[in-house]
Amino acid sequence: MSESLSRRDFLARSALAAGALAAGCRRREPPPPPATAAPPVPPAGRPQADGLDPLPYAYDALEPVIDARTMEIHYSRHHAGYASNYHAAVEGTRWEEMPLESVLADLHAVPEDIRTVARNHGGGLFNHTLFWAVMAPPAERTPGPLVARAIGEAFGSFDVFQAAFRHAALGQFGSGWAWLMVNDERELEVTSTPNQDNPLMSGVAERTGIPVLGLDVWEHAYYLHYQNRRADYADAWWRVVNWPEVERRYATAVQAPMV
Ligand code: MN
């Protein structure tokens with residue numbers, strides 16, 4: 001069995017195990033509540049756009065690193081747009097109920113007439129759902145024990161890792177993402193992708209793996225506050241990295257079966 005097949009298999013299984021995220025990604029509407037239940041309301045302070053999982057925090061929760069207006073536009077317009085376009089494209093096809101991670105890992109199986117939308121908008125949906133989850137209000141957080149050890153093994157030190165990530169973020173020409181991922185050798189690796197591509201996309205991404213941390217370097221992610229200063233945004237962003245969530249994702253990713 002090839003590596004990409006085994007990884008797809010893992011992705012499908014991990015999506016089932018992880019459950020909520022994948023389900024939230026692909027659901028257009030929440031399931032109808034029981035007749036006696038009150039209509040669902042988003043948790044206090046957590047904005048929720050139509051058909052999307054609620055943002056894990058309020059729009060202003062990441063200030064001063066990321067301003068509230070940027071978060072509002074980014075979540076309620078950009079992210080919502082990726083989600084609705086993706087769902088519209090796969091509606092009525094057998095990809096509609098497939099975990100998003102599995103669709104992205106095997107884009108060449110998607111019919112040609114919806115493949116580009118699946119790549120760009122499905123990618124955008126996955127990437128932004130991950131992005132919100134791996135951020136949290138500014139605080140002094142450090143990597144958990146598993147990620148700290150893996151960073152040491154892969155990069156030698158946290159400083160070297162940060163420099164590599166910064167290089168990936170600043171070196172991505174135009175729009176794209178910088179990633180920390182578990183590569184196909186089950187090691188941490190830094191990479192970047194253009195547009196809404198991500199390392200799940202076998203046959204598309206130069207380096208493939210399971211992303212555990214991602215930084216959106218599209219101008220829409222930072223321009224209102226940082227204008228052209230992508231470096232300032234990338235450097236400030238460490239203060240909102242949600243390392244406990246990265247630890248959780250890393251622990252899941254390294255459970256991928258070696259075949
Ligand atoms: Mn974005």
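What counts, and at which threshold
- Residues numbered from 1 in each chain as written.
- Predicted model: local features only at pLDDT ≥ 70, side-chain atom pairs only at ≥ 80, totals over all residues.
- Helix = DSSP H or I, 4+ residues; strand = E, 2+ residues; numbered from the N terminus.
- Buried ≥ 20, exposed ≤ 12 C-beta atoms within 10 Å, placed from the backbone.
- Contact = placed C-beta atoms within 7 Å.
- Pairing = 2+ DSSP bridges.
- Axes fitted to C-alpha atoms, helices over the stretch in contact; angles between N-to-C directions.
- Parallel < 35°, antiparallel > 145°, perpendicular 65-115°, else oblique.
- Nonpolar A, V, L, I, M, F, W, Y, C, P; charged D, E, K, R; others polar.
- Core = buried A, V, L, I, M, F, W, Y, C linked by C-beta atoms within 7 Å.
- Domains from an automatic or database assignment.
- Arc of directions from axis to C-beta.
- pLDDT = per-residue confidence, 0-100.

1. Some remarks on the overall build of the chain
Scanning the chain from terminus to terminus reveals ten helices and three strands. Seen in sequence order, the chain has helices and strands lined up from the N terminus as α-α-α-α-α-α-α-β-β-β-α-α-α. Per-residue burial for the chain yields a buried fraction of 39% across its 259 residues. By sequence separation, contacts in the chain at least 24 residues apart represent 67% of the contacts at least 6 residues apart.

2. Describing the sheet that holds strand β2 (residues 188–194)
Read across the open sheet, the three strands follow the order β2-β1-β3; overall the sheet is antiparallel. Bordering the open sheet on either side are β2 and β3 (209–216), each of which pairs with just one other strand. Averaged over all pairs of adjacent strands, the angle between strand axes in this sheet comes to 30°, irrespective of strand direction. Where strand β1 (residues 176–183) and β3 come together, seven bridges link them in antiparallel fashion. The residue of β3 that forms the bridge with Trp-179 is Gly-214. Across the face of the sheet, helix α10 (residues 243–253) comes into contact with β1 and β3 while running at roughly 155° to β3.

3. Let's talk about the packing of helix α6 (residues 145–155) against α10
Packed helices, taken two at a time, are described by their axes: the angle between them and the distance between them. α10 packs onto α6 with a crossing angle of 75° between their chain directions and a minimal axis gap of 8 Å. Taken together, the axis directions place α6 and α10 in an arrangement best described as roughly perpendicular. Taken together, the residues of α10 that come into contact with α6 (itself represented by Leu-146, Val-147 and Ala-150) are Trp-243, Val-246, Glu-247, Tyr-250 and Ala-251. Residue composition of the contact of α6 with α10, by class: seven nonpolar, no polar and one charged.

4. Quick word on the nonpolar core
Formed by 57 residues in total, the largest nonpolar core has its most connected members in Ala-178, Leu-180 and Val-212. Considering every element that reaches this core, the biggest residue donor is helix α3 (residues 68–90), with seven residues. Taken together, domain 1 (3–32 + 66–133) and domain 2 (145–253) each give at least three residues to this core, which thus spans both. Among all residues touching Ala-178, those that are not within four sequence positions of it are Phe-165, Ala-168, Ala-169, Gln-172, Ser-192, Gly-214, Leu-215 and Val-217.

5. Let's talk about α10
Every α-helix carries 3.6 residues per turn, so stepping three or four residues along brings you back to the same face. Within the span of α10, buried status applies to Glu-245, Val-246, Arg-249, Tyr-250 and Ala-253. Along α10, the residues classed as buried sweep out an arc of 140° about the axis, all on the same side. Buried residues belonging to α10 abut α5 (112–133), α6, β1 and β3.

6. Here's the deal with the environment of Ala-251
Tracing the backbone shows Ala-251 in helix α10. Classification of Ala-251 by C-beta neighbours within 10 Å gives partly exposed; the count is 13. For Ala-251 and Leu-146, which are 105 residues apart along the polypeptide, the C-alpha to C-alpha distance reads 7.4 Å.

7. Regarding the confidence of the model for the chain
On average, residues of the chain score 88 in pLDDT, and 82% of them are at 70 or above. Overall, residues 15–28 carries pLDDT values under 50, and its contacts beyond four positions in sequence, including any with other chains, amount to 19 contacts.

8. Side note on unusual backbone geometry
The peptide bond linking Glu-63 to Pro-64 adopts the cis configuration, its omega dihedral lying at 5°. Relative to the elements of secondary structure, Pro-64 occurs in the loop between α2 (20–26) and α3. Unlike most non-glycine residues, Arg-186 shows phi in positive territory, near 65°. Relative to the helices and strands, Arg-186 resides in the loop between β1 and β2. In the Ramachandran plot, Gln-227 falls in the positive-phi region, its phi being about 50° despite a non-glycine side chain. Along the chain, the position of Gln-227 falls in the loop between α8 (223–226) and α9 (230–236). Since 11 C-beta atoms lie within 10 Å of it, Gln-227 is described here as exposed.

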